[in-house]
Structures are given as structure tokens and as C-alpha cells.
Amino acid sequence: MADKVGSVLVIGGGIGGIQTSLDLVESGLKVYLLERTHSIGGVMAQLDKTFPTNDCAMCTISPKLVECGQNLNIEIITNAELGSVAGKAGNFEVEIVKHARYIDDAKCTGCGVCAKSCPIDAIDEYNYGLCERRATYIRYPQAVPRAFGIDKDKCIGCGLCESLCLRDAVIYGDKEQVKKINVGSIILSTGFESFDPALKQDYGYGEYPNVVSSFEFERILSASGPYKGHIFRASDAKMPEKIAWIQCVGSRDRGVERPFCSSVCCTYAVKQAIIAKEHIREGLDTTIFYMDMRTYGKGFEQYFNRAKNEHGVRFVCSRIHTVDPGSDGNLKLVFSDDDGQLREEEFDMLVLSVGFKPTKNVEEFANRLGIKLNEYGFCKTSTFSPIETSRAGVYVAGAAQEPKDIPATVMEASGAAACAEALLAEAKGSQIVKKEYPPEKDVSGLKPRIGVFVCKCGINIAGVVDVPAVTEYAATLPDVAYAEYNLYTCSQDTQVRIKEIIEEKQLNRVIVASCTPRTHEPLFQDTIRLAGLNKYLFEMANVRDQCSWVHASNPEAATEKAKELIRMAVGRAAFLEPLHTIPMSVIRRALVIGGGVAGMNASLSLANQGFEVELVEHEPELGGNIRHIHFTLEGDKPQEYLNSLIEQVQAHKLISVHLESQVKKVSGHVGHFESEVRSKKLEVRKIEHGVVIVATGGVESKPIEYLYGKDDRVITQRELEEHLANSQSTIRNPHSVVMIQCVGSRNEERPYCSRICCTQAVKNALKLKEQNPDTQIYILYRDMRTYGFREEYYYQARKAGVIFIRYDEQAKPVVSNNGRLKVEVKDPILGADVVLQPDMVVLSVAIDSHLENENLAPLLKVTLDASKFFLEAHMKLRPVDFGSDGMFLCGLAHSPKLIEESIAQAQAAAGRAATILNKERVEAGGVVSCVEEKKCVACLTCIRMCPYDVPFINKAGVAEIEAVKCHGCGICASECPAKAIQLLHYRDPQVVAKVDAMFG
Amino acid sequence: MIIAEQKPIQEIKAMIAGYQKVLIVGCDTCVTICMAGGRKEVGIIASCLRMALQIDRKKPQLIEDCIQRQCEWEFVDTLKDKVDGVDAILSSACGVGVQALAERFPNKPVYPALNTTFMGMPNEHGLWVENCRGCGNCGLGRFGGICPIARCSKGLLNGPCGGSQNGKCEVSKEMDCGWQLIYGRLKTLNQLDQLEDILLPKDWSTDRDKGQRKMFRGDVYYEQTV
Amino acid sequence: MTEHFEPEIVAFCCHYCAYGAADLAGSMRLNYPANVKIVKLPCTGKVDIIYLLKAFEDGADGAYVAGCLEGNCHFIDGNIKAKRRVARAKKLLDEIGIGGERLEMFNMSASMGPRFAEVAREMTERVRGLGPSPLRK
Ligand code: SF4
Ligand code: SF4
Ligand code: FES
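Described in the following lines is the structure provided in the data block. (Residues numbered from 1 in each chain as written. Chains lettered and ligands numbered in written order. Predicted model: local features only at pLDDT ≥ 70, side-chain atom pairs only at ≥ 80, totals over all residues. Heavy atoms only, no water.)

## A look at the sheet that holds strand β1 (residues 9-14) of chain C
All names here are of chain C. To be explicit about the condition: Two strands qualify as a pair provided that DSSP identifies no fewer than 2 bridges between them. In this description a helix means any DSSP run of H or I spanning at least four residues, a strand means any run of E spanning at least two, and both kinds are numbered starting from the N terminus. Axis lines are fitted through C-alpha atoms, for helices just across the contact stretch, and the angle between N-to-C directions can take any value from 0 to 180 degrees. In what follows, a contact means two residues having at least one pair of non-hydrogen atoms within 4.5 Å.
The strand order across the open sheet formed by 4 strands is β2-β1-β3-β4, and the pairing between neighbours is parallel. The open sheet terminates on both sides in strands that have one partner only, identified here as β2 (36-41) and β4 (103-107). With direction set aside, neighbouring strand axes in the sheet form an average angle of 20°. Here β1 runs beside β2; their pairing, made up of 6 bridges, is parallel. Bridged to Cys14 within β2 is Leu41. Contacting β3 (62-67) and β4, helix α3 (residues 78-96) crosses the sheet at an angle of about 165° to β4.

In C-alpha cells, the structure reads:
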């Protein structure tokens, strides 16, 4: 089809939308990123820290925000909504309604002068109303686009901001506009809304000031939040000494029509409790009231244990019914203690862990888009196509599909990108714009001629710093050939001017003294490139964010400091050198290790995008674990799916399958790896490839307890499933069954949760009940972790009469056999021992990592976690990337997970891999470390200190750093005792010059 | 290799305080590898000295250099021009290097910036251990490859003293009992019977307590007679 | 020592967290003394001990290294390596007679604008209390 359009509409600018957009442009598709509010970032930009690493949310998201904002091929359309959608997959005609913002975001520099003078206060939604903003506002300081907007509902039209704005960006008469675009595909990442806790009237939200929602608490914890990171309670601004969390507010609650589990609240409550304790050092008391602790994700269980054992967070398994006022603004809770006794306790502050709900007007939105929703109002998908909506060419990622956490959202976002890329394979690159630059001037050997451009930033800088004086001073500094000041150095006309002046004054280094390089360096670097200068000949002095804004009360000191900052920049600039990247060609072929569901899906996704795939499986057949799965809760047919998957893989002309084969050697780097694959017949095949995807899967562990292996009536869930699926089986119809959860999981040996077993137990229990409603089934569990929509099946199981008995890790059930099987367990609710005599005991056994991982990890030079699963580059934002470029992972190789999650992750890995395979070349070099061979004494320091294992001793006996692998941290350079290593752009003289210049 | 460590700055300062112009010379071999006196450390020493002397109102000129091996005449000779212009030399090498400089430049006072500690290796990055005393008469073959002279605090050659506990030496809990290690290794090698032979008193004549030791090789040493 | 002693302080900040925190302190218009000037590096793992010494040699009254929170360095453990180097440099400064208290290592995330301002204040106060560097007397 020739009419496919090489662009994608992404709806929703949260972390999912951002990730999918970045992946899409990398793979050659243009993106329109539609955002409802004034700026992208979504909920993640409102979070304080993220679990389970306690990484700062803003630190991790803000580089992505900036990247999105700067990408030429991502058009961010803020304050906008979807109008109509016509056409079909490959070519949709979409209408976008862009609401009036009243400030031209192309002109606005984000200086904030308007907000400073605006007389009107309004509720700050970003901070959940905990503080106020003005009628003209920016959602948060790091927002992208960095532009203000006017809240017309609040604005009184006084005209102050219009008269003050030096960029003439205020447009009182701004009108709604309708924009028509053609796109090949649509990706939904519209996210969720949080449940309104006021609907749970018994909890007193809105009535008692010291009851807050967890989302509000997140802002309270944030150092940039309403209380600057101090925890106060609203009634008396006192620092609380005792905080309680109530879980499942608006989740797992039929009473408020939210029957599903919101999946993330348990872990975020754990996080909030830990962080709160870090904030209030002197013995803050934290208690979490929960129904089941659902810390099922990778590393979550360990996180939960640390909270309990190291941080002293108290966990009480009790559903709270009402909250009553106590003394002094406190809140009184009644709950049943571990021993079943009712107790009453007061807390200073209460956090309601609110759940997710679909976004507002989602039905209407779905209608416009022509997609189906499920019964909860989330986007409908299926087990085997977890990213595809009911309309072809429309994909979904993140919490719009089901409540989920950030890594799952990010994974699906990359997966959705892969789906769109496969659909639009032939249109890739057709709508991408590339900038052309003039040939670079050779500045080597030339005496530095530095140009300094000082920005007034309207009055942001000039209002405090004496800009003309500073400029005059700059002109006197050594090597400075020219200096001037501008009203806005970043404006378009100034870019043209800078370019002209570079030519006219023959400048070979440029300094801009303005705001921060974190947002503006790329813009100015681009400008000097247009004038034929290498972008590394640029330096910035941050005289706004780090000077005028923070020293406003002392203009003289600020002016002095601005001079010093410029002097430092000049000192360094004289030493700057052009850096070049070396293009390395990319072999457009992938090596996929592992032929299970994940490996096959990743292979197919890549092959459908037009890339060759070598799929290596060590077993004699494809399929992996899914070969043992015969039915799902949702009524799918896994075996039919498997057969069709294998058929597709085998039939695909771009995929070569190597069965009974193993990877024995891997060398090279992103874009060009060389590997050896050895077959069972010991034939060695050499494969050249540009990327690697690891999908080695996991294995069901063999239990050593509960008489398994000693008594035939004790079997695993998987064995039960085989029996249930086999009409010939003799034990398909037991009278009574006891299932034991967490066998081998969540203990010292395997501190993690195996994630799938609760769902599997419920699935098999329902199947047994379906075959014979009279079968007695007992499930002995520690926490039922039927997260997300799986909660419904847990409910159905209880309705069908399955009896759930909680047991404690310290008092595990005991299985014995004296003719009949006997299971004894202590029921904490009854406080009594329960004795059961089932026909069959079914063990929900742990998932182990694959043994192969330990062989593979050193070959690939990647890391395994403590449980020998592969470790991703970043738990939150790079969930399918390895730390080393060009390597990806998916499926059970990463951690235990359900089929649909493995498929989504496989597509994600393919999506990420495609960002490399799609390029003809990868650029190596830039800010990387270099060894001066003559100086190297082969001391091995760099080899030992590099966090990425990059340096090695080469054939000449000296250290070598491959530019394409180096991450540019400079650790080796600062450790080398022979001073043989320099980090380019941060060479010692370049850094020291800056320090020297500070002191004149 | 040779392991060394930097002397305290004040001690170095006291040695060179009286000079106007000092050449600081590092060595690119052992002391670079053990991070005590290579190019980088020379920079650190120089910077520290400049500051320490400035506090005393002194502004000497410190010239930094580093040569490939301070224990070879050819490399040492490359310093000649620089040495001519200075009042003193600070050697940041092992004692061999310091002496090489002193011998080559007899008119210049030469001072050591390092303490030469021992012959050994990094057990881990940043942790060095002594494994050899250079006794000149190696018996490692008898001890499973573990030297009791260097690693038994009493240098016993016929088995442990009886004071070790849980594999640690009675002299210091931090120190492994050398003999425990020897025992373990021999056991692994199935050579425990070796311990049954009593060793006669060792011939210490090759050891280092008798003045400068010398060694020559006829096949490469062509100078007159020795 | 003069009455109004304004110390000169260099802050070596990593690009990812500390520099971001400094920018945020700006966006939040948090006031802090103008004595602190930042030298940006990709990671505190790039802070060579010689940079720290150079700063003092040049006449700094104080210096500090600010990186990501421990465990959150964007290059895995650059900040841990920096911490060790700062510890050594402190010892050297003590030996020299300048005083190790004039040098410190801090960790902060990019959202900790207030912390950045606080650290700038804290260091300025501390160094002001210590008086000018003995090298500047
Ligand atoms: S640290 Fe320096 S001297 Fe040592 S091996 Fe690496 S480059 Fe060579
Ligand atoms: S700069 Fe960092 S990533 Fe690059 S080789 Fe050195 S230590 Fe490794
Ligand atoms: S990146 Fe911040 S300390 Fe390493």
C-alpha cells in the first residue's frame, strides 16, 4: 500500500506518551503528541520518589521531557483534545481541537514575569490544591513546553501581564483552533485519574483536614512541593508523629463500583512510609492498613521487607471501616489486630491510598476513536495482543488499559511504538525532517576568538543583574573578540544574529550567558553549527537560574557573580576543542536468544518491521513455558495461540530459527556484534548482528517441601493444569483440594514474589469448580496477589465457594500423610488450627531464573540480580534495555510475569531494538574517554573502575576504550594514576581553566 | 612489584623547605601501579607542597616530571637538563629510584617522597599485601606456594606456633595465619606428608641483612671481571 | 580577617542531579548567598582530586562536591568514588594546614532545590566561620 502515512498521533503526554514518541521518532516516524494540559509530564512529574529504588521522579523524567521538547520530529500540541477520527489503519484523518492558551507558547520563554504580577490566585492543580498559583501559570518549573498559559476561568482581564510581557506573547483574544492531520497510526497513553476519596464518606476526606489522599501526600513529600518537602498536617501545621495509610481506597470495592485492584498502591504506600520516615528523622511512626500486600513486581517484595525490617514500618492486615475524629485534630481508627482483637488507635495524620479510575468522559472519547472499553471503562485488549485496541492501527500503552506502574507503562509504550512501526514499516522516514548544516570550519591552530552573548531574559536577568555592565566587562576578558547583550538571546531573531556575528567577527568560540544549559544548550549549539562551528565550541554561563533568580535581593552581588560566571566560561572556552563522532554502520539484523513466547514475539515484531532475525533456542522445539499452559482466566486458548505463533515464526522469510543451539561467544558493540552460535552437533555458526534481545525465560522450581515427590497426591499448579486439560487424566475430579501459595517464593532463598501463582491458583480453582461445583477447594495464602482486573476472578472464586485461609510465614501449613493426606494450618482470623484432609495438595511453586542466565551474562557482559534474573538498565525508565547499548531483555528472563506482560515486554524490546536497527549508522564518540597510549602503564585501574566494563588491555598491552561503548562518566580519567586518560570536553585543562578563572 | 606509600606532606615539606627550586620526579612503573608516586600523585604532592609552603610564606618553584623507570640509568639521564636548573630533587619512587637519582646527580640533594613498604601485589583494588621477603633462597615449593617467611608473623619454617585461632594469627586478628593457609593448600594438593619432613635451619646467607647484595649473569654481563 | 568576610566557594556539581537541583532552586526563587560558583561535570565521578586541590591553591576558601543521592548516580557509582576522593582530599587539606572542613561532599536529587540552597548557605556559613583560607591571608 502506497498510501501509508509515516506519522503517528500519540494521545497523552505522560511518561508513556513520552517514551512512545521518543521511540517512534528514533525509528523514523513523525509524532504528534497531544496533551490535554499545558505541559507534558503527566502524573510521573507530580511524584516525589519512585519505588523500589527511591529514585527521584523528576530526575528521571526531566531529561526525557527536554528530549521530547527539542526533537524536531515531535510536534507537541498542548491544551488540546481529540476531535474526530476517520480513515483506517495506515491512514487516519484526525481532527485536533486546540483550546486557547492565551499565551503564545512559541513566543513565551517561560520567564514568569506575568505570573509575578498577576493579581489573581487560583487553585494549583499540580499540587492538588495544597497551594495556590496565579491565573497565568506554568504547571511546574521543569515543564515542557516551558511556556505559561492563562486560566481564562480565573483571569479578570486586567491587562497587566499583556503590558508586562516583553515578548508580546499574551493573546487575550486567543481562539480555539481545529487542526487536521493525517497519521498512519494512533497510540493512546491517556493514563488514569485518581479515585476521589470524598466518595468514601466514612474516611472523612474533606471533612477532617488531616486526612489526605496519597497523591496529595506525594506532593507533600516533594522538595518542590507546597511545603518544600516538610511534612505538615493541615489543621495546625504540626509535624506529624504518627501517620497511617489506608489501602484500597476506591479499589477492590464494589460499594463504589471499583471492583478491580489498582496494582500500584501497596508499593507506593510502602515507598511513602519509607520516605516519610527519612523526612522526619526522630522516630516517625508509620502504619499501613492493608487487605493483601500486593508487592508483586520486580524487587518490590524485597522493598516491602526492608520497610518492615529495616525502616520499622508497621503493617496491619485489617480493612478499616470508618475514620472518627480523635483528640487534637487526630484521627481515630478501629481495626482488628494480628491476634484478631479489636483495637482503637489514634493517628496524627491519615493518608488514603487511592486507586485508579478511567479518565473523565472516557466513553465519549472511546466513541470518537471507535475503540471498545472493558466493563471498568479501561481500554479493551486481549491476552495475546495486550497492546492492540479493538480498532486496527490504534494501540494503547499504560494505565489507560489497566492500572499499572511506570515500568509496565514504559514497556508498553515501547511495545506500542513497535506495533506502529510494523504497521508503517514502508512509510518510515517519509515524514522525518533532517536539518542540513554547512561544512564545519577548521579552527585548529587558530587563536581563540570568543563571542559572548548576554541575555537580559526580559527582566528576569536584567531586573537584577546589570547586564550592560556585565557585557562591557566580558568584552575586556582575554580572547573575547566580541560581546553584546540581547533582550532574549534564545529568540529566533537572535539566533539569526548570532550566526551573522560569528561570520562577521570570525568567532571560533561562543558563550551565551543566560539560563541553564540543561534546557537551552542544544538550541545554541544548533545555532553555531548553522554558522559552521562544531557544537562543542560552545559554552554557557548560567546567570539566571543560578544567579539573578537566587540573588534577587542583592543585585550588586548578583552582578559581580554574573561577571565571575562569564569569566569562568571564557576561561574554559579558550580550551574547548571540536569533537567529532565516528559513524559506525549498523548491521540490520537481530539476535534473539530464547524461543518462548517472549522471544518469538520479539522476533516477529522485528521481522514485521523488515529486519532480519536469528532466533536461537536451546531446546528442540519452540514454545518455552507456554507449552504447559492450557487455558487462561479470560478464556483464551494458549495452545492454539502457540501453534499459530510458531507457524508465523517459521513461515516468516526474515526469521531463521536455530533449535538446539546455544550462544557461545559475543563480541563487538551496538550496531555490530559478532556472535557464535553452536548447535547440538557442535556446528558453529558465526552471526553478525546489530542488536541482541535476551529472552531466555524462567523455569518452574521443584519444591522440596510439603511431601512433593514423596506423595503422588501432592502436585504443582502446572501439573494440575496439565491434568485438567487432559480429558484422559484420572485425577481430573478430586473431591477436595488444598492449594498452598508461595511455595519457595517470598522466603530467604527466593526473596521475590513469583507474581503469577495467585492468578494461576485462582484460575485452576475456578476450572475445578467449573467441572464440579461441589469440589471443596481451600487456598492457603499469605497475600492474594490477583492484581489489576484479576481481582474479579478472586471475587468469583470466593463466590463459587473457594475458601481462602491466610497463613503466616512463621506458621506455614504442615502436610502429612498417614494414609490420607492431612494439612494443618493456623487460621489467624479464627485464631485456631484448621485441619484439612484433601484428596490432593497443589503447590503454587516459585519461578526460578533460567540456569542459562549464568552462562550468558558474562558472554554479554551484563549483570544478573541476586536471584539470577537479568538486570535492566533502569528499573523505571529503561525496563527492557541493558546498561550496555544495543542489548535488550524481555519476558521471564527479566522477572516472573504473566503471558500478556511477557508479550508486551517482548514488543517493547523489539521497539527499543528497532530504534537502533532503523539507523544506517550509530554515532560513536563525542564526550567519551580516550587513552593516551604512551602514558598508559597497564595498571588495570580503569579496567577495574569503569562501571560499564569498557576499558580493556589491548594487543599492544595498553588500555583501550572503545568510543562506541563508553558512557562518558569520566571515572576512569579521574582514577588513572598515570594520567593517561582524558574525558573529551572535560579534559583536565578545560576544567582547571574554569576553576582558575574563578579567581581571576 | 614494589609497593610504596606517600609520606605525610609535612614530612616532605620539612625536607625541601629550604630550597627555591625543586624537581619532583615520579616513576611510571611500580609506584604508578600502586598509586603512590606516578604522574598523578606527583601532581598531588606538588599541589599540596605549594599550599603548605605558601602558608609558611614561601613560594618555591616546583617542577613536575615523571619518567618511565627511575631505576634505570638511561631513563634517569633524560632528567639531566632539568636537574641542572634546580636546587634539590624530590623523588616519588621507591628507594631504588631515589638512590639512582642520588648517584647520578651527586651534586644535588635528593629526598624521598615515598616510603617503600614491601614487595607484594594488590589483593583487591586498593589493598596491597606483602607476599615475598626476597630471602634469596626460595622454598615456596615446600609450602604449597605460600611463603611462611613473609606470611607467618614469626617466620616459622616447621609448622605453626600453636597460637593461631580460627585461621587468624595470634599477633593480629586481622592477619591470616600463614601456616593455616599452607596447611590448607597442601591438603588440597594431597601433599600433607611434606610437612612431616623436618626442615633443617635455613641458610640465610643469601638474605638481605648483610649489606648490598649483588647478582650478575655471565651471559649478559660483559664488563671485565667480577 | 575582615569584618565582612565573603568566602569564595567552588561547587563541583554533576550534570544530572546537583546541577538540576541548583536550577530548581532558581525556578523556586530560593535565596542563597552569591558566594558559591558551580563547575559542572558529567558526574561527580569526574571530580579529580587535583581539581579540589587546585581550587584551594587558586585561593578558594571552601569547596564542595555535589552529586546524586547515593545509589542514584546516573553512572552507577560515580558519587561513591567521588566521596572517597573527597575524604582523601580532606585529609590532605588537614595535613597541609588548610583544614579539611573547608571541603565537603553532598548528595541531592534534581528535585531538591531547597536542599541545594540550604547546602550553599550551610557551606558559606561554615567557611565564614573558619575565616579566609590561610593561603589568602
Ligand atoms: S588506569 Fe591509566 S595507566 Fe592504568 S591501565 Fe588504565 S589507562 Fe593505563
Ligand atoms: S568514561 Fe566512564 S564509561 Fe567511559 S571508559 Fe571511563 S569509566 Fe568507563
Ligand atoms: S551522575 Fe550525579 S553523581 Fe554521578
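## Topic: the site of ligand 2
Spelled out, the test is: Any residue with a heavy atom positioned within 4 Å of a molecule or strand is treated as near that molecule or strand. Classification convention: Asp, Glu, Lys, Arg as charged; Ala, Val, Leu, Ile, Met, Phe, Trp, Tyr, Cys, Pro as nonpolar; all other residues, Gly among them, as polar.
A:Ser929, A:Cys946, A:Cys966, A:Cys969 and A:Cys972 are the nearest of the 14 residues found near ligand 2. When the residues that make up the shell around ligand 2 are grouped by side-chain class, the tally is 10 nonpolar, 4 polar and no charged.

## Considering the site of ligand 1
The immediate surroundings of ligand 1 are formed by 13 residues, with A:Cys936, A:Val937, A:Cys939, A:Cys942 and A:Cys976 found nearest. Residues that form the shell around ligand 1 fall into these classes: 12 nonpolar, 1 polar and no charged.

## A closer look at the interface of chain C and chain A
As a reminder of what qualifies: The term buried area means the drop in 1.4 Å probe accessible area that two parts suffer when joined, counted for both and summed. Note on definitions: salt bridges are taken to be side-chain nitrogens of Lys or Arg within 4 Å of carboxyl oxygens of Asp or Glu. Any pair of N or O atoms that falls within 3.5 Å is considered a polar contact. Within protein, one atom must be able to donate a hydrogen and the other to accept it, and sequence-neighbouring residues count only if both atoms are side-chain atoms.
If you look at the interface, chain C gives 55 residues, while chain A gives 55 residues. Buried surface at the junction of chain C and chain A, summed over both partners, amounts to about 4,500 Å²; 61% is from carbon and sulfur atoms. Summed over the shared surface of chain C and chain A, the number is 5 salt bridges. Among the ionic pairs, C:Lys46 bridges to A:Asp988, the shortest N-O distance being 3.8 Å. Our count for the chain C to chain A interface comes out at 20 residue pairs in polar contact (both at pLDDT 80 or more). Within the residue set of the side of chain C that touches chain A, elements represented by two or more residues are β1, α1 (18-27), β2, α2 (49-58) and α3 of chain C. With 8 residues, α1(C) is the largest single contributor of residues to the side of chain C that touches chain A. Residue composition of the side of chain C that touches chain A, by class: 30 nonpolar, 12 polar and 13 charged.

## Considerations on the side chain of A:Gln247
Mapped onto the fold, A:Gln247 is located in strand β16 (residues 242-249). Among the polar contacts listed, one links the side chain of A:Gln247 to the side chain of A:Ser353, at a separation of 2.6 Å.

## A look at the environment of A:Thr516
The criterion, for reference: Working definition: with a 1.4 Å probe on protein chains only, accessible area under 20% of the residue-type maximum means buried, over 50% means exposed, and in between means partly exposed.
Position of A:Thr516 among the secondary structure elements: in the loop between β27 (509-514) and α12 (517-530). With a relative accessible area of 2%, A:Thr516 lands in the buried category. Leave out the neighbours within four places in its chain, and A:Thr516 touches A:Glu521, A:Met540, A:Asn542, A:Asp545, C:Tyr19 and C:Asp23. Among the polar contacts listed, one links the side chain of A:Thr516 to the side chain of C:Asp23, at a separation of 2.5 Å.

## A look at helix α6 (residues 95-104) of chain B
Residue and element names in this part refer to chain B. So the rule is basically this: What the arc measures is the spread of directions leading from the helix axis to the C-beta atoms.
When α6 is considered as a whole, its buried residues turn out to be Gly97, Val98, Ala100 and Leu101. Down the axis of α6, the smallest arc covering the buried residues is 160°, so these residues share one side. Seen from the open side of α6, the exposed residues pointing more than 90 degrees away from its buried face are Gln99 and Glu103.

## Examining the pattern of salt bridges
Across all of its chains, the model carries 93 salt bridges over all chains by this definition. In this structure, the salt-bridge partner of A:Glu95 is A:Lys180, at a minimum N-O distance of 3.8 Å. Here A:Lys180 lies in strand β12 (residues 177-183) and A:Glu95 lies in strand β7 (residues 91-98), a separation of 85 residues in the sequence. Exposure remark for A:Glu95: the relative accessible area of 26% places this residue in the partly exposed category. In this structure, the salt-bridge partner of B:Glu64 is B:Arg50, at a minimum N-O distance of 3.6 Å. In this pair, B:Glu64 sits in strand β3 (residues 61-67) while B:Arg50 sits in helix α3 (residues 39-55), placing the two residues 14 residues apart along the sequence. In this structure B:Glu64 comes out as partly exposed when scored by relative accessible area, which is 38%.

## Focus on the interface of chain C and chain B
Contacts between the two partners involve 16 residues from chain C and, on the opposite side, 16 residues from chain B. Both faces considered, chain C and chain B share a buried interface measuring about 1,300 Å² in area, 59% of it formed by carbon and sulfur atoms. It is C:Glu57, C:Glu95 and C:Ile96 in chain C that bury the most area against chain B; as a group they hold 40% of the surface buried on that side. In this structure, the connection of chain C to chain B is made through 3 salt bridges. Among the ionic pairs, C:Asp48 bridges to B:Lys40, the shortest N-O distance being 2.9 Å. At the level of elements, α2 and α3 of chain C are the ones that each hand at least two residues to the side of chain C that touches chain B. Among the elements that make up the side of chain C that touches chain B, the one with the highest residue count is α2(C) (6 residues). Here the side of chain C that touches chain B is composed, by residue class, of 9 nonpolar, 1 polar and 6 charged.

## Description of the packing of aromatic side chains
Heads up, the rule is: Each Phe, Tyr or Trp ring (for Trp, its six-membered ring) is paired with any other whose centre lies within 6.5 Å, and the angle between the two planes then decides the class: stacked below 30 degrees, edge-to-face above 60, tilted in between. Remark: a charge is flagged as sitting over a ring if the NZ atom of Lys or the CZ atom of Arg is within 6 Å of the ring centre and within 35 degrees of the ring normal.
Summed over all chains, the structure comprises 33 aromatic pairs over all chains. Plain terms: the ring middles of B:Phe143 and B:Trp179 are 5.8 Å apart, the flat faces sit at 90° to each other, and that makes the pair edge-to-face. Here the residue B:Phe143 occupies a position in the loop between β7 (127-132) and α7 (148-151), and B:Trp179 occupies one in helix α8 (residues 178-188), the gap between them amounting to 36 residues. Lying over the aromatic face of A:Tyr203, A:Lys200 brings its terminal NZ or CZ to 5.5 Å of the ring centre.

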